[in-house]
Amino acid sequence: MCGIVGYIGDEEATPVLINALKKLEYRGYDSAGIAVFNGESLTVRKAKGALKFLEQKIATEIIKGSMGIGHTRWATHGEPSDINSHPHTDVSGSIAVVHNGIIENHAKLKTWLENHGVVFKSQTDTEVIAHLIDFHYNGDLLKAVQETLQRLEGSYALGVICQSDPERIIAVRKDSPLVVGAGKGEHLIASDVPALLEYTRDVYYLQDKEIACLYRDRVEFFDEEGQAIQKELTHVDWDVTAAEKGGYEHFMLKEIHEQPKALTDTLRARIKTYASKSINLEEIGFDASWAKAHRVVICACGTAWHAGVVGKYAFEHYARIPVDVDMASEYRYRDPIFDPADIFIIISQSGETADTLAAMRMAKKGGARIIAITNVVGSTLAREADLVMYTWAGPEIAVASTKAFTTQLMCIYLIALQFGSLRGVLSEKDLEEHIGALEKIADQAEKLLSNKEEIQRFASRNFNKTKAFFMGRLFDYAISLESALKLKEISYTHSEAFAAGELKHGPIALVDEATLVVAICTQTALFDKMDSNIKEVKARGATALVITYDDETYFDKTADEVFRIPRTLDPLTPILSVIPCQLFAYYCSVQRGLDPDKPRNLAKSVTVE
Ligand code: F6R
């Protein structure tokens with residue numbers, strides 16, 4: 001939800017801001033803007049639509065200045081428009097603010113400010129911040145920001161500049177991500193690390209309510225009470241190219257192709273190979289005490305929640321432990337029952353999803369121990385959980401999650417298998433067999449990707465179907481959920497997922513000649529059941545694509561088409577079976593002339609409710 005950037009240094013700020021915003025466009029792209037200080041005054045330029053419209057607007061004029069802030073927006077309050085774009089300024093136009101998050105008490109603050117004579121220009125919640133800073137400003141911008149923060153309720157990452165305080169950018173965060181980059185003679189802020197990589201790999205992660213004052217040659221930090229604090233510099237070793245398209249037409253396709261490497265990276269450090277093969281989770285602090293839990297609760301949103309559904313099946317199967325899997329957005333408002341002997345596994349690519357963080361904090365308060373599975377080092381989730389298992393997927397830029405999902409699955413399997421082994425459910429031989437299968441899976445994913453043209457051809461024949469249903473049983477049901485989400489997100493096709501056995505309890509009423517049914521069939525013991533379900537939908541006119549093993553002929557006569565994935569152990573198939581579905585969604589989106597990287601109405605990181 002929105003990306004913010006800021007630059008202070010010896011270079012011209014405008015190109016740096018635009019360049020950094022390009023790396024954050026995945027966070028929001030309905031409008032963009034910059035504010036640059038030229039030594040005398042602030043120039044603000046904003047434009048509705050994608051960043052390229054802002055670029056066009058400023059192409060014909062030179063906006064000079066070596067300090068500035070920028071924003072790319074995902075509208076929450078007020079429609080996408082030039083006026084509602086950030087930066088927002090105070091009445092005189094001398095203080096400019098960019099904001100990611102939501103100010104929950106903005107209506108009250110707005111009324112208060114209006115009663116003090118302020119006339120608002122936009123419909124945004126953010127504008128109150130600029131006016132409040134102005135209200136509190138008495139020659140010290142830091143003090144004015146600190147006083148303003150005391151009046152704000154909600155979430156924010158802020159970048160603030162002021163023409164009467166021209167040597168610094170003030171930045172602060174609460175429940176929205178913000179990173180400070182330290183370069184030579186320059187400092188930057190950004191909502192996410194990829195925006196900084198071209199300028200520096202040395203970053204500071206801000207904790208909630210910490211304030212950073214960025215000068216050209218130094219950065220100072222203050223805690224909530226205004227006390228100066230020291231912060232640790234973190235060196236990010238991501239490759240710059242990891243945040244670029246590298247020859248692929250879209251980030252999504254690149255990220256689908258990066259899955260074999262991401263899977264290998266996520267697995268490698270966690271396997272011990274001396275004597276016999278075993279799982280090594282000591283690096284994350286996981287010891288036998290964790291496996292004594294009475295129950296595992298998995299909480300997440302969207303795609304990460306689907307990884308949790310796979311997790312439920314995996315934990316029950318391998319470790320014989322009760323598992324609840326919950327959508328964080330439901331969990332946080334329920335009246336859940338806590339047991340200090342519960343273990344919570346919280347899954348989030350970004351580590352910043354508002355609902356997911358709220359659920360984690362509730363569980364923590366209830367006394368549960370938390371394992372975080374996340375892709376973003378230093379994210380709020382990573383900082384607040386008891387244990388962190390990183391998905392070494394590298395930056396995921398496309399809005400639709402792909403490599404983050406399969407690496408989340410890898411982490412889930414490793415933890416479930418380790419639970420199973422420590423609880424004495426899985427024998428050493430079983431464990432070794434599973435580790436061996438996981439070790440092969442990256443190559444199998446590579447092999448599967450080499451057949452992607454098959455899916456491309458299938459998509460070109462079926463992209464204009466008005467309905468697509470995904471069905472499966474057990475692990476295949478979990479992947480049906482994820483596949484239907486992927487297709488609806490980026491191709492806007494009405495797609496749904498069904499547990500195949502549920503079909504005849506209602507959904508089959510929807511099936512007709514216009515329906516595409518993708519049946520995921522990898523759970524061998526249930527092949528006959530799936531075969532009957534496919535026959536049922538075909539009898540109602542549907543076209544059926546079956547995804548099954550490459551050496552399996554069971555469905556050859558029933559299906560209209562079969563896409564084959566390399567054989568692995570039945571419970572591990574989700575890592576492979578989702579890949580053709582990701583490709584199918586991608587190609588349908590492209591066939592429909594859409595941009596799969598930037599689906600309408602969505603943003604990468606949902607840091608607001
Ligand atoms: C779908 C997708 C979303 C996210 C969800 C949670 O492709 O990406 O459904 O999975 O918004 O985000 P994270 O994992 O960052 O908590």
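Located above this text is the structure these notes cover.
These numbers come from a predicted model, not from an experiment.

1. Details of empty space enclosed by the protein
Inference 1: Counted under the stated rule, the structure contains 3 cavities of 30 Å³ or more.
Inference 2: Computed from the structure, the largest cavity encloses a volume of approximately 240 Å³.
Inference 3: As for the largest cavity, its lining consists of 25 residues, and the residues nearest its centre are Pro 177, Ser 191, Asp 192, Ser 350 and Val 376.
Inference 4: Among the residues making up the lining of the largest cavity, the classes are represented as 11 nonpolar, 7 polar and 7 charged.

2. Here's the deal with the nonpolar core
Inference 1: Counting residues in hydrophobic clusters, the biggest one holds 141 residues, and the most contacted among them are Phe 315, Ile 345, Tyr 413, Ile 415 and Phe 419.
Inference 2: In contact with Phe 419, not counting residues within four places along its chain, are Phe 286, Trp 290, Ala 291, Val 296, Phe 315, Ala 319, Ile 321 and Ile 343.

3. Some points on the site of the ligand
Inference 1: Lining the immediate surroundings of the ligand are 15 residues, of which Ser 348, Gln 349, Ser 350, Thr 353 and Glu 489 lie closest.
Inference 2: Within the backbone of Ser 401, an N or O atom sits 2.9 Å from an oxygen atom of the ligand.
Inference 3: The contact in question runs from an oxygen atom of the ligand to an N or O atom on the side chain of Glu 489, over 2.8 Å.
Inference 4: In the complex, 90% of the free accessible area of the ligand, which totals 400 Å², lies under the protein chains.
Inference 5: Partitioned by chemical class, the residues of the shell around the ligand number 6 nonpolar, 7 polar and 2 charged.

4. Some details on the side chain of Asp 125
Inference 1: You can see Asp 125 is positioned in the loop between α3 (106–115) and α4 (127–136).
Inference 2: Buried charged residue Asp 125 carries no salt bridge. Nearest counter-charge: Arg 73, at 6.3 Å.

Rules used throughout
- Residues numbered from 1 in each chain as written.
- Predicted model: local features only at pLDDT ≥ 70, side-chain atom pairs only at ≥ 80, totals over all residues.
- Heavy atoms only, no water.
- 1 Å grid on protein atoms, 1.4 Å probe; cavity = no way out; pocket = protein on both sides within 12 Å on 5 of 7 lines; lining within 4 Å.
- Points joined across faces, edges and corners; volume = space filled by probe spheres on them.
- Nonpolar A, V, L, I, M, F, W, Y, C, P; charged D, E, K, R; others polar.
- Core = buried A, V, L, I, M, F, W, Y, C linked by side-chain atoms within 4.5 Å.
- Buried < 20%, exposed > 50% of the residue type's maximum accessible area, 1.4 Å probe, protein only.
- Contact = heavy atoms within 4.5 Å.
- Near = heavy atom within 4 Å.
- Polar contact = N/O pair within 3.5 Å; in protein donor to acceptor, adjacent residues only side chain to side chain.
- Areas by Shrake-Rupley, 256 points an atom, 1.4 Å probe, with all protein chains shown as cover.
- Helix = DSSP H or I, 4+ residues; strand = E, 2+ residues; numbered from the N terminus.
- Lys, Arg positive; Asp, Glu negative; His and termini not counted.
- Salt bridge = Lys/Arg side-chain N within 4 Å of Asp/Glu carboxyl O.

Scope: geometric values only; no functional claims are made or implied.
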